[in-house]
Amino acid sequence: MSALNDKAVDNGRIARRFAALKAEGRAGLVTFITAGDPDLETCRAVLHGLPAAGADLIELGLPFSDPMADGPAIQAASLRALHAGTTARKTLDLVRGFRATDADTPIILMGYYNPIHAYGVDRFLADAIEAGVDGLIVVDLPPEEDEELCIPALKAGVNFIRLATPTTDEKRLPAVLQNTSGFVYYVSIAGITGTASADNAAVGAAVDRLKSRTDLPVAVGFGIKTPEQAANIARVADAAVVGSAIVTRLADGLDADGKARPGLAEDVLGFVRELAGGVRGARA
Amino acid sequence: MTRPNTFRSGPDERGHFGIYGGRFVAETLMPLILEVEKAYREARADPAFEGAIREQLKQYVGRPNPLYYAERLTEKLGGAKIYFKREELNHTGAHKINNCIGQILLARRMGKKRIIAETGAGQHGVATATVCALFDMPCVIYMGETDIARQQPNVFRMKLLGAEVVPVTSGARTLKDAMNEALRDWVTNVADTYYLIGTAAGPHPYPAMVRDFQSVIGDEVRVQMQELEGRLPDSLVACVGGGSNAIGLFHPFLDDPSVQMVAVEAAGHGIDKGPLAHAASITGGRPGVLHGNRTYLLQDEDGQILEGHSISAGLDYPGVGPEHSWLHDIGRVEYVSATDQETLDAFQLCARTEGIIPALESAHALAEIVKRAPKLPKDHLMVLCLSGRGDKDIFSVAQHLGVKL
Ligand SMILES: Cc1ncc(COP(=O)(O)O)c(C=O)c1O
């Protein structure tokens, strides 16, 4: 592992959680929701309920006006969150509130670079650490732009989780893996979130290829919509990531004015419980 | 800031113009961006590629277009001697086709089978649909629903040319959303699709490549001015949306210190009227990262991108090409702005004094000339890039003038 990776990166909540999963002999469930979707209050209710519903790691979307790698479900979630007044600062407040109730479940912020750029990289990293953020996934920062945020994050002790994709060929793979820490996120399709689902055998082969090059855990996402699909992924990878399907479930619980109907958070958490059931039963 | 020996050597190998530019794209796209870069580098070294472009520009586009002495406008303004670079006489009526010819020839060299593009006013969409018809390639144009509603003639033109026009309903449904949607298409169809970006923006190598293809504008002006006046021009004026016509005019002159350059952004209702009232990314924005590059952007305090406003659909992009951001910071090019009203006045003035109906985009540059020329001596040679013709705009102009068509 890179010399930059200090203790916090190699030995933080993410590493500890994957070690625990390994000890349990099962894969993890990574759930994605967008911070502040559909409003801060409802989002907080969902967020706080996720660990008990079976989420092993949490990805929290940092809303952005122009999410160009996302499909309609997460685009809409991002806009709902922005309309509800969500900012990077309020996103970090959500994390801080969550940390007060849960010291162990890793939180990874996922989003695009510009809101972090506008916040100021150093200030953002300091505030994120203080709030209890464990990792960052920033879609529009490939290895070619590592100096922007990846290296400062590693120096500060925040995991920078890189996406590997079907287009990441043998030549690029070392660059993609180089400064990655926490886990590697394998994007199982060439495309945007919430659309096609990958073929299971292809995913298995891709995970094996990654595993032959890194000791880091490999999580697989994009296109996982059902407990069955999550279970299939859990058989071949260290974790299954579900985003659009959860966000869609949340959107189904909105009334015509876009307001959360009573019971929305419980319904979303119920769905997460089903997904967790799939993941946990996969290798039984 | 130290002054570089040359202003023409950028970008560096990582696509940076100073701190601007770069390759801020998702990993899925990164191998494609690298492939385009490599293919472009090889093509540039191949005289046959250059020859094919020259041939198309001559026979199909109709280049060189004139550097025309606008005598009546010069007399009317009573100062600088004004020349128009007549890009509006190109096939399809704007400078956009220069870039499309270059990129479609590159896409063919790369063996790509399908072309996608974004468009705002529809000019780039029409130019792309045109070259796709010419080279018999399927063409998908992403266009915001808002823009589709206000640019109906161009939408129909694209369809006549055989393109599929996909309405974009995300975000504010204008140019930036069309670009997001084109990027989404590209990540989904990585194997066979080429993304033909319409301005000098986006991830490296697009800003440099589009600039190179548009530099034919400045190269011709250099030769033509030598023939007409026996010397270099004193100043160059162009409008900036993403910045392709401006950089195409400016780039060949960047290392001639006597040549002054002025780029005109869209001030909409006025830059002092708040961040949503204009589309002047450099004059009224700050640096950020969007669509693959670091550049000046219209954004709020939290880094959310704002929707600009301009009377001209071709200028209301919330960003600007990264080379312009750099040229601004180092002070080589002066960035100013023109309001909707100043633009409408200049539009009418040009129509009546020169018998040329300019595109509203180009009329922004004309508005600056109206301000600047009277204060300059008669031997000051000023070149305006008349980037496009205004037929597409007559409906919106009529509406603004309160005329029912
Ligand atoms: C005639 C004309 N001029 C200028 C522009 C602005 O683009 P750019 O700044 O890339 O030249 C457009 C864009 O649609 C246009 O149609």
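This one's a predicted model, so the numbers in the text were calculated from it and none came from an experiment. (Residues numbered from 1 in each chain as written. Chains lettered and ligands numbered in written order. Predicted model: local features only at pLDDT ≥ 70, side-chain atom pairs only at ≥ 80, totals over all residues. Heavy atoms only, no water.)

The next point concerns the sheet that holds strand β8 (residues 193-195) of chain B. All names here are of chain B. One open sheet holds the 4 strands; their spatial order is β7-β6-β5-β8, and the pairing between them is parallel. Whereas interior strands pair on both sides, the edge strands pair on one side only; in this sheet they are β7 (164-168) and β8. Across the sheet, the axes of successive neighbouring strands diverge by a mean angle of 25°, strand direction being ignored. Where strand β5 (residues 114-119) meets β8, 3 bridges bridge the pair, whose relative direction is parallel. What sits directly across from Ile 115, in β8, is Tyr 194. (Pairing = 2+ DSSP bridges. Helix = DSSP H or I, 4+ residues; strand = E, 2+ residues; numbered from the N terminus. Axes fitted to C-alpha atoms, helices over the stretch in contact; angles between N-to-C directions.)

What follows covers the packing of helix α3 (residues 40-53) of chain A against helix α5 (residues 88-99) of chain A. Residue and element names in this part refer to chain A. Axis separation between α3 and α5 bottoms out at 10 Å; the angle between their running directions is 40°. On the basis of the axis angle, α3 is oblique to α5. The element α3 and its partner α5 pack so that their crossing is right-handed. Here α3 contributes Leu 40, Cys 43, Arg 44, Leu 47, His 48 and Pro 51 to the contact with α5, which in turn contributes Lys 90, Leu 94, Gly 97 and Phe 98. Along the lines of polarity and charge, the residues of the contact of α3 with α5 split into 6 nonpolar, 2 polar and 2 charged. (Parallel < 35°, antiparallel > 145°, perpendicular 65-115°, else oblique. Left-handed = near helix turned anticlockwise from the far one by under 90°. Contact = heavy atoms within 4.5 Å. Nonpolar A, V, L, I, M, F, W, Y, C, P; charged D, E, K, R; others polar.)

Taken together, the contact pairs 36 residues of chain B with 35 residues of chain A. Together, the buried faces of chain B and chain A total about 2800 Å²; carbon and sulfur atoms form 51% of this surface. Together, Glu 27, Arg 184 and Gln 304 of chain B form the three largest contributors to the area buried by chain B at its contact with chain A, with a combined 24%. Counting across the interface, chain B meets chain A through 4 salt bridges. Our enumeration of links across chain B and chain A arrives at 18 residue pairs in polar contact (both at pLDDT 80 or more). Those elements that provide at least two residues to the side of chain B that touches chain A are β2 (20-24), α1 (30-44), α8 (175-188), β11 (286-290) and β12 (292-297) of chain B. With 8 residues, the single largest contributor to the side of chain B that touches chain A is α8 of chain B. Of the residues contributing to the side of chain B that touches chain A, the split by class is 14 nonpolar, 12 polar and 10 charged. (Buried area = accessible area lost by both parts, 1.4 Å probe. Salt bridge = Lys/Arg side-chain N within 4 Å of Asp/Glu carboxyl O. Polar contact = N/O pair within 3.5 Å; in protein donor to acceptor, adjacent residues only side chain to side chain.)

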